[in-house]
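# Structural overview for review
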Amino acid sequence: MQVKMPVAAGQGLTMDEKRVREILEIADENKGKKLSLSELEKVVSKMGSWWPLFRAWRCLRNADANHDGYINPSELDDLVRYILNWYYR
Ligand SMILES: [Ca+2]
């Protein structure tokens, strides 16, 4: 028997967590395992943001817990959450 799971509002669209992580991995151009503002800018413009630099800056402000100006591997989960939150609003 098939059970239909209730889908929360905004879910079931094309962008999911896996896809966001893929985009973030590709965006790490110098493979430094951390994302700079300009790398984030490319990420958000790929996701269709109108104003990528501002959006990238917001991402950094929200997820950069140690304030070094980069998204470190330990901050990546927060960044993914932030992006998903924003994307589905
Ligand atoms: Ca950081």
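Criteria and cut-off values
- Residues numbered from 1 in each chain as written.
- Predicted model: local features only at pLDDT ≥ 70, side-chain atom pairs only at ≥ 80, totals over all residues.
- UniProt positions renumbered as here; feature names shortened; annotations may be inferred.
- Helix = DSSP H or I, 4+ residues; strand = E, 2+ residues; numbered from the N terminus.
- Expected span 1.5 Å × (residues − 1).
- Buried ≥ 20, exposed ≤ 12 C-beta atoms within 10 Å, placed from the backbone.
- Arc of directions from axis to C-beta.
- Core = buried A, V, L, I, M, F, W, Y, C linked by C-beta atoms within 7 Å.
- Contact = placed C-beta atoms within 7 Å.

Before going further, it helps to examine the UniProt feature "domain: EF-hand" (unreviewed entry) in the chain. As recorded in UniProt, the feature "domain: EF-hand" (unreviewed entry) lies at residues 15–50 and 51–86. Helix makes up 58% of residues 15–50 and strand makes up 0%, while its end C-alpha atoms are separated by 17 Å. Helix makes up 64% of residues 51–86 and strand 0%. Its end C-alpha atoms lie 13 Å apart.

We now examine helix α3 (residues 52–63). Its twelve residues give α3 an end-to-end C-alpha distance of 16 Å, which sits within 8% of 16 Å, the value for a rise of 1.5 Å per residue. Every buried residue belonging to α3 is among A56, C59, L60 and A63, and all of these are buried. Seen from one end, α3 has its buried residues packed into an arc of 95°, which puts them on one side. In α3, the exposed positions that point more than 90 degrees away from the buried face belong to F54 and R61.

Attention now moves to the nonpolar core. Grouped burial of nonpolar side chains is what soluble globular proteins tend to show. By size, the foremost hydrophobic cluster in this structure holds twelve residues: V20, L35, L40, V43, V44, A56, C59, L60, A63, I71, L79 and I83. Secondary structure elements with two or more residues in this core: α2 (37–46), α3 and α4 (76–87). A total of four residues in this core trace back to one element, the largest contributor, which is α3. What C59 contacts, discounting residues up to four positions off in sequence, is L40, V44, L79, Y82 and I83.

Turning next to unusual backbone geometry. The backbone phi angle of K31 is positive, close to 50°, even though this residue is not glycine. In this fold, K31 is placed in the loop between α1 (17–27) and α2. Residue K31 is classed as exposed on the basis of its 7 C-beta neighbours within 10 Å. The phi dihedral of H67 is positive, around 55°, even though this residue is not glycine. In this fold, H67 is placed in the loop between α3 and α4.

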